[in-house]
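Structural description and commentary
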There are 6 protein chains.
Amino acid sequence: MLVSVFRKAHFNAAHRLNNPAWPEERNREVFGLCNSPNFHGHNYDLEVKVVGEIDPETGMVLDLGWLADLIKREVEDRFDHKNLNLDVAEFRDLNPTAENIASVIWRILRAHLPERYGLGVRLYETPRNFVEIG
Amino acid sequence: MLVSVFRKAHFNAAHRLNNPAWPEERNREVFGLCNSPNFHGHNYDLEVKVVGEIDPETGMVLDLGWLADLIKREVEDRFDHKNLNLDVAEFRDLNPTAENIASVIWRILRAHLPERYGLGVRLYETPRNFVEIG
Amino acid sequence: MLVSVFRKAHFNAAHRLNNPAWPEERNREVFGLCNSPNFHGHNYDLEVKVVGEIDPETGMVLDLGWLADLIKREVEDRFDHKNLNLDVAEFRDLNPTAENIASVIWRILRAHLPERYGLGVRLYETPRNFVEIG
Amino acid sequence: MLVSVFRKAHFNAAHRLNNPAWPEERNREVFGLCNSPNFHGHNYDLEVKVVGEIDPETGMVLDLGWLADLIKREVEDRFDHKNLNLDVAEFRDLNPTAENIASVIWRILRAHLPERYGLGVRLYETPRNFVEIG
Amino acid sequence: MLVSVFRKAHFNAAHRLNNPAWPEERNREVFGLCNSPNFHGHNYDLEVKVVGEIDPETGMVLDLGWLADLIKREVEDRFDHKNLNLDVAEFRDLNPTAENIASVIWRILRAHLPERYGLGVRLYETPRNFVEIG
Amino acid sequence: MLVSVFRKAHFNAAHRLNNPAWPEERNREVFGLCNSPNFHGHNYDLEVKVVGEIDPETGMVLDLGWLADLIKREVEDRFDHKNLNLDVAEFRDLNPTAENIASVIWRILRAHLPERYGLGVRLYETPRNFVEIG
């Protein structure tokens, strides 16, 4: 029986959507207010899902404390109270849309999670706009 | 890598559950308080999910502004502050249960969404009762 | 030391805002979509606050079970799954705005609550629009 | 067209995580604060999902009142305001982790639900930690 | 201009309502399920309010980090994952109702907060039942 | 009978806490991560409270549509998707703490609201940290 366990985390960050290969006008047209030059920001809420079987000895799929520490070290400590465009290496050449942020987080966590587990990530940019992978 | 993007919307509407082919007594028995003759109402919360791949130029699965406009024009403007049974054509001969409302919304949006995208709809009738399609 | 205890309740109802003394046009202008002729509806969330001192024998300000029963009998049973304009006596000649609904509920509960307690009522018409008395 | 209908419920319970086959020290190490000897507790929020097709006569996948009664009788009445370790038979020899509680609930409900329906269970131990089956 | 600043915290604890001066029957009658002998539990959500004037140098009423540390040390570390009746000194001879827990927390924090500030405490036992002091 | 009506709004903005009269070290010490040089951001949730008497003709304290437009024009259009420090005139020489942002919003709205109404403002910087005026 497969069970998914979820852990929520969050980080507050500034960002700006912009494609440097496009003229300013097209950036404004496609990204609207999100292209605003001096950045804006969000309280990002993150839900990480790990899928596996229950270990009969512990009654748990995995140690949630270990997962919480992993998320803190690899995501929160690196993204929280940062400017995603300027301060986070992964977004130097990648537009920090919710889709791309979720995708970056998924890859970071996937690299640390034992292969036998499935992984999903849901990222809320606002309570009304969110994305999900896996 | 498939990514789901979600957009929330809502509408406030009156409705009544009733099957005109049944005697009054059976309607009361099956639909309970929801069969109340002069209608009651809900704040319906709608989550629309679109599944696709990230466009490398924009970093987005699709333009959420376009999706928000579509939902506004085709769902909110037609359902909000309406009596679903009396004012909305789709429910003239269809019982406006949460299941049927979600199904109608799914079909409306499916008809406007490019084929390459997957579509899901979640509709909250109350915070405790909700339905999901796709 | 004064302590406030709160109890949440809710009811789902249809309503319509209209002043019969006004011409149709003014009703539409003032009440907008809420004047829609065939009613619309809401999930009303109600918070009742009772203020008093802690009874040293029970450690409670009042018996919350008694309060919950009172709210159920006097508010939920009479308002839930009803059309406020057509089915609830208090709104025959009173426009069922959030302000007036809260005021009616406050008076109903006040009449049943021992005088030594303070009373407050908060009513959410939607998560974004709400009113408070007391 | 498959439709999922969801019903929320909740129960407040005490529990303690412990593996009696382990020495005390390992229990403290693996379960941390959750191993606290005199129990602690949670407001458990439960979402039950039933998947099926819409019955054209009722417009519903199943009678939500019947589902709510089933959850009340088989889960809430047995788990609410209880000590899961001491008062609930299923956890006499089973560690009441969120994973195991969800699994027990899934089995209980599966046994009562007609075979043609799919079943899912999501259990929130806290708003930040939750598990899902099915 | 007086400004209130709020900080949320939470703790998960077991408790039982009981007045040892009463016969068993009266305890069951008054406290109902909350008198259940082996304890049950809650996710308690705490909102602490501090009222004061904005310090023109910092733009803040007080250092929220200091307040968060105070709440952690004096409330969370002492109440979280505990049995309030058995593990927390203040409730040896005091019934751990929401009213009394809030009152105990208010007194603890008041003793550490500089006199020039006002103090309020709101404690959620469940999302539907909560109390407030100050 | 005084009634409070509330309207929620929100804006997503970047900011940074810094006192230019202080050395870098003291700014880091007092403001911690919020002093991060390239800005971070938040989804600010705003609740505006207007206190008055119910107009017997309309059943309303004031026209919520008018209030919503006022908030949109004077707050959301000026603060949303902006860098508060760089883009909003009021914060050129004022540290954009939650306290100061709420205070600026209170003054802006107070100047447009007829004198007979009371005014309150609650601003959530995150779901755990918020401030209130009036």
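Our structure's up above, just so we're on the same page.
What this report covers is the structure whose coordinates are included nearby. Since the model is a prediction, treat every value here as computed from it, not as a measurement.

Right, let's talk about the relation of the copies chain D and chain B for a bit. Put simply, the second copy of the chain is the first one after a rotation about an axis and a shift along it. Once turned by 120° and shifted 0.0 Å along the axis, chain D lies on chain B with an RMSD of 0.0 Å. The relationship between the two copies is best expressed as a three-fold rotation axis.

What follows covers the pattern of salt bridges. Residue and element names in this part refer to chain E. Going through the model one piece at a time under the given rule, you end up with 36 salt bridges over all chains. Arg 28 is the salt-bridge partner of Glu 24, the closest N and O atoms lying 3.1 Å from each other. Separated by 4 residues within a single helix, Glu 24 and Arg 28 lie in helix α1 (residues 24–31), roughly one turn from each other. Judged by relative accessible area, which is 59%, Glu 24 ranks as exposed. Among the residues examined, Arg 28 registers a relative accessible area of 48% and is labelled partly exposed.

Contacts between the two partners involve 18 residues from chain D and, on the opposite side, 20 residues from chain B. Roughly 1,700 Å² is buried in total at the junction of chain D and chain B, and carbon and sulfur atoms are behind 53% of that figure. Among the residues chain D hides against chain B, the three largest losses belong to D:Met1, D:Phe6 and D:Glu57. Together they make up 34% of the total. Linking chain D with chain B are 0 salt bridges.

So, about the packing of aromatic side chains. Per the counting criterion, the structure on display carries 36 aromatic pairs over all chains. Centre to centre, the rings of B:Phe11 and B:Tyr44 are 5.0 Å apart; their planes meet at 20°, and the pair counts as stacked. Here B:Phe11, found in strand β1 (residues 2–15), pairs with B:Tyr44, found in strand β2 (residues 40–53); they are 33 residues apart in sequence, far enough to count as distant. Of the two residues, B:Phe11 and B:Tyr44, both sit in the buried class. Ring plane angle 80° and centroid distance 6.0 Å describe the contact between F:Phe79 and F:Phe91, whose orientation is recorded as edge-to-face. One end of the pair, F:Phe79, is in helix α2 (residues 64–79); the other, F:Phe91, is in the loop between α3 (84–87) and α4 (98–112), with 12 residues separating them in the sequence. Residue F:Phe79 is classed as buried on the basis of its relative accessible area, which comes to 0%. Cation over ring: F:Arg122 sits above E:Phe6, and NZ or CZ is 4.7 Å from the ring centre.

With respect to C-alpha atoms, chain C approaches chain D no nearer than 15 Å, and the pair has no contact. At their nearest point, the C-alpha atoms of chain A and chain E are still 15 Å apart, with no contact between the two.

Relative to chain D, chain E is turned by 180° and slid 0.0 Å along the rotation axis, the superposed coordinates differing by an RMSD of 0.0 Å. Here the symmetry operator amounts to a two-fold rotation axis. A share of 100% of interface residues in chain E that are also interface residues in chain D marks the association as one of identical surfaces.

All names here are of chain F. The largest bend along α2 measures about 40° and falls at Lys 72. All of the buried residues in α2 are Leu 67, Ala 68, Leu 70, Ile 71, Glu 74, Val 75, Glu 76 and Phe 79. If you follow the buried residues of α2, they end up packed against β1 (2–15), β2 (40–53), β3 (82–83), α3 and α4. For α2, the capping residue at the N-terminal end is Asp 63, with a side-chain oxygen 2.8 Å from the backbone nitrogen of Gly 65. One or two residues past the end of α2 sits His 81, with phi positive at roughly 60°.

Parameters and conventions
- Residues numbered from 1 in each chain as written.
- Chains lettered and ligands numbered in written order.
- Predicted model: local features only at pLDDT ≥ 70, side-chain atom pairs only at ≥ 80, totals over all residues.
- Heavy atoms only, no water.
- Least-squares fit on C-alpha atoms with pLDDT ≥ 70 in both.
- Salt bridge = Lys/Arg side-chain N within 4 Å of Asp/Glu carboxyl O.
- Helix = DSSP H or I, 4+ residues; strand = E, 2+ residues; numbered from the N terminus.
- Buried < 20%, exposed > 50% of the residue type's maximum accessible area, 1.4 Å probe, protein only.
- Contact = heavy atoms within 4.5 Å.
- Buried area = accessible area lost by both parts, 1.4 Å probe.
- Phe/Tyr/Trp six-rings, centres within 6.5 Å; stacked < 30°, edge-to-face > 60°.
- Lys NZ or Arg CZ within 6 Å of the ring centre and 35° of its normal.
- Bend = angle between axes of the 7 residues up to and from the residue.
- Polar contact = N/O pair within 3.5 Å; in protein donor to acceptor, adjacent residues only side chain to side chain.

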